[in-house]
Amino acid sequence: MMKDVTLGQYFGGNSVLHRADPRAKLLFSLLYIVMLFFVKSAAGFAFVTLFTVFLVLISGVPVKIVLRSVRPLALIIALTAFLNIFWTTGDTLLFEWGFIHIYLEGIIFALFMALRILLLVVGMSVALTYTTTPLALTDAIEELLSPLKKVHVPVHDFAMMMTIAMRFIPTLIEETDKIMDAQKARGADFESGGLVEKAKALIPILIPLFVSAFKRADDLAVAMECRCYRGGEGRTKLKELHYGKCDLLLLAISTVFVAGIILCNVFLPYISI
Amino acid sequence: MAEPFIIAENLSYTYTDEDGDSTDALKGVSFTVNAGEYVAVLGHNGSGKSTLAKLLNVILTPSGGKLTVGGHVIHSEMSEDEVFDVRRDVGMVFQNPDNQLVATIVEEDVAFGPENLGIPREEMRMRVDDALKTVGMYEHRANQPHRLSGGQKQRVAIAGVIAMMPKCIVFDESTAMLDPRGRAEVMQTIRRLNQDFGMTILHITHYMDEAVMADRILVVNDGEIYRDGTPKEVFADVEGLRRVGLDVPQGRELMHELSRSGIRFDDKPIDIEHCAELLLAKYNALK
Amino acid sequence: MTILELSDVCYTYDKGTPEANEALSHIDLKIEKGSMTGLIGHTGCGKSTLLRMLNGLLRPDSGKILLDGKDIWENPKEISKVRFRVGLVMQYPEYQLFDETVRADIAYGPKNMKLDEQEIARRVEAAASFAGLTPDLLDKSPFELSGGQKRRAAIAGVMAMQPEILVLDEPAAGLDPKGREDIFAGLERYRRESGATVIVVSHSMEDMARYCERLIVMNDGAIYMEGTQAQVFGEPEKLMQIGLGVPEVTRLVAKLREGGMPLSPDIYTVEAAKAALLPLLGGERA
């Protein structure tokens, strides 16, 4: 059943990461991504790995669940590593066969790249997606971008669109399931045939899905108007974002993180790329 | 004396499609709904009953005649603020529970209307909690709407309207897509809103068993008001209702069938208790 | 003669995960050829899962589904052939309409069966007639039809495959009384004239009493009651325990019996009640 797919994969909890302000977490995540690309040496990678494990531990999200977010990317990670092994050149030739040359640098680079992607996914998922509801995330984006309102960027409308999209994704997934079942019951075959046949077989699913999505959009627009929606002006909010103690803690953690990476790069530059 | 909340005088509405063909959805209807009244609008699909609902909330504006809702005259040149005022007074619950919930969390959705009204946060918190308690969905406040049953979603939609504190709620076939349990939940909520909170209710439906619960029924057929009266008065005319594609309660139908075969009764009850009393009285008198 | 038999069918969604949810447990069921069977139960009782089993959209975890005595999963590659023999009309089936004309849409199923043009045309006409669609509607776009017409076009799309068993999940949901009546009367006519077996889900006990000779009541993924109308409606307390009831007229008759009128308890329709009451009240027999 596809309907249990939840966008953002929020995993409820009460950790520091859960309680921190989504804006702080968003900024922290950006910092985390940027810093990952500054890491150059083995010591640096070891430090970031330990740091990420630390994040996973304080988030309270079970390791099994965290690793689940890596699974869809396993192929990309493997492919990146694979390409880097063959494409990177260096000084220490380890293996040669025909046009294939494998260098020690290639292997190291491949390992670092794979580790970087892995850490990126794990770090982002515990710092953001597993510990922040999609709604809070949207609010955070709206708040952080709100200075742009002054130059007439429709920040509120954008955030509203995000919210609605997130609200309707599970509904539309469920609907796709139902339509597929209905057409299968009429003998539709989505598996066999060539590419053209397969594309053709999708028409009886896509058309009803679009028709229904438009109908829903129409209904929703009327329902929103009836609930007195007229854009972002004059609106209040049930939940307002506040920075708190947890955000200070997050700030402290970030400082340690940045300092750690700089120190590793400067003082322990062994096996670096 | 209750004062009128909705007054329709010779109200008409004409749809024009892309080819320029026009259809008269409402052909000059007149009726009044008093403040605090619970009125069911009964009619088959395409009878014009949903058009009526859309006019009350300025989704459509009248083609002719006059419509007054809560003191506001509805017309096509209303300013945005005037429309806003009407919508604050008249809440609307639609048919498809999935297509009216905006937010990904139940309480956020209930807050959507009050947020639009610019209600201060402390008061909003209270309104949201009260509304959720009124419909019995408070325990589900942190859930995601798509994980709820149809009846629960519809109750969340109702809470979203209640939190705006309107004077009147229009239910536009809000039970049509629900299973019996969901329908019962929603009907119970509607009755509570009317009885305990004195809210004016207009319930548009094609289920006669729901219409029976109202104080008064307006039967709409072919763009006209076909009957206007208490449930008992309206269901007295079994043949007439059948002609316009509607059902009557089975007890009433049975009594009607018997009277067609020459057995006379003094009254035309709609609930089975009264039907049974009359039938037993007749039987015992003969014995 | 039994056309469809389920023996010890079990099914669990998301098996092996923490969210595992047993939808069907040990279902045994026999459906007679040419009968019209009503399936009743609350949302979540396993009805929809059961229907998806019957035409092979879902495969049972254990147990067998026998169509004409043969296990439908004997050769999983041939499962689409089973779907032509057991036609399934889903809830709110109008969302399955997609083609340019109603005619082309109804022809989708027969085309997938690889029938020849003439046979397809013949079946489309026949199915449209059973579903109560007038010929002038066939060349319109399905999206121009009214709600009730869309529903009937979707039903015709499954009838056109001429399945031996037609299964419908709440075909009248959301329709007004006239629309309901048209759908059920059309199904009854289809069953009589084509000899097909019909299984229909409905929440309306009144409709069940009028059209279905056999009833199956499901609760919590299991068969709760099964039998003739008299066997099922004869135990109103048992139905009430799971929040279901008997037709209103049956409740009225029960009150009359309590009041001392000599009436049979198995009265489920207004017509039957009238026929039984007339002589007691001094009227002519209808």
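Residues numbered from 1 in each chain as written. Chains lettered and ligands numbered in written order. Predicted model: local features only at pLDDT ≥ 70, side-chain atom pairs only at ≥ 80, totals over all residues. Heavy atoms only, no water.

Structural notes on the interface of chain A and chain B
At the interface, 33 residues of chain A touch 41 residues of chain B. For the chain A and chain B pair, buried surface summed over both sides reaches about 3400 Å², with 54% attributable to carbon and sulfur atoms. Contact with chain B buries surface across chain A, with A:Arg167, A:Arg227 and A:Leu238 losing the most and accounting together for 27% of the total. Viewed at the interface, chain B and chain A are joined by nine salt bridges. Between A:Lys239 and B:Glu107 there is a salt bridge, with its nearest N and O atoms 2.9 Å apart. For the pair chain A and chain B, the interface holds 18 residue pairs in polar contact (both at pLDDT 80 or more). Going through the elements one at a time, α8 (155-185) and α9 (195-226) of chain A are the ones with two or more residues in the side of chain A that touches chain B. Examining the composition of the side of chain A that touches chain B, we find that nine residues originate from one element, α9(A), more than from any other. Partitioning the side of chain A that touches chain B into residue classes produces 14 nonpolar, six polar and 13 charged. (Contact = heavy atoms within 4.5 Å. Buried area = accessible area lost by both parts, 1.4 Å probe. Salt bridge = Lys/Arg side-chain N within 4 Å of Asp/Glu carboxyl O. Polar contact = N/O pair within 3.5 Å; in protein donor to acceptor, adjacent residues only side chain to side chain. Helix = DSSP H or I, 4+ residues; strand = E, 2+ residues; numbered from the N terminus. Nonpolar A, V, L, I, M, F, W, Y, C, P; charged D, E, K, R; others polar.)

A look at the interface of chain B and chain C
Between chain B and chain C, the residue contacts involve 32 residues of the former and 31 residues of the latter. Across the interface of chain B and chain C, roughly 2900 Å² is buried in total on both sides, 67% from carbon and sulfur atoms. By the criterion of area lost to chain C, the three top residues of chain B are B:Gln250, B:Ile272 and B:Tyr283, representing 23% of everything that side buries. At the surface where chain B touches chain C, the tally comes to two salt bridges. Here B:Glu273 ties to C:Lys255 by a salt bridge, and the two come within 3.7 Å at their closest N and O atoms. Where chain B packs against chain C, one counts ten residue pairs in polar contact (both at pLDDT 80 or more). Counting residues per element, the side of chain B that touches chain C draws most heavily on helix α11 (residues 272-286) of chain B, which supplies nine residues. In the side of chain B that touches chain C, the residues fall into 18 nonpolar, seven polar and seven charged.

Describing the sheet that holds strand β2 (residues 22-34) of chain B
All names here are of chain B. Within the open sheet, the four strands sit side by side as β2-β1-β4-β5. Their pairing is antiparallel. Two strands bound the open sheet, and with one partner strand each, they are β2 and β5 (72-73). Where helix α1 (residues 49-56) meets the sheet, it contacts β1 (4-16), β2 and β4 (64-69), and its direction lies at approximately 115° from that of β1. (Pairing = 2+ DSSP bridges. Axes fitted to C-alpha atoms, helices over the stretch in contact; angles between N-to-C directions.)

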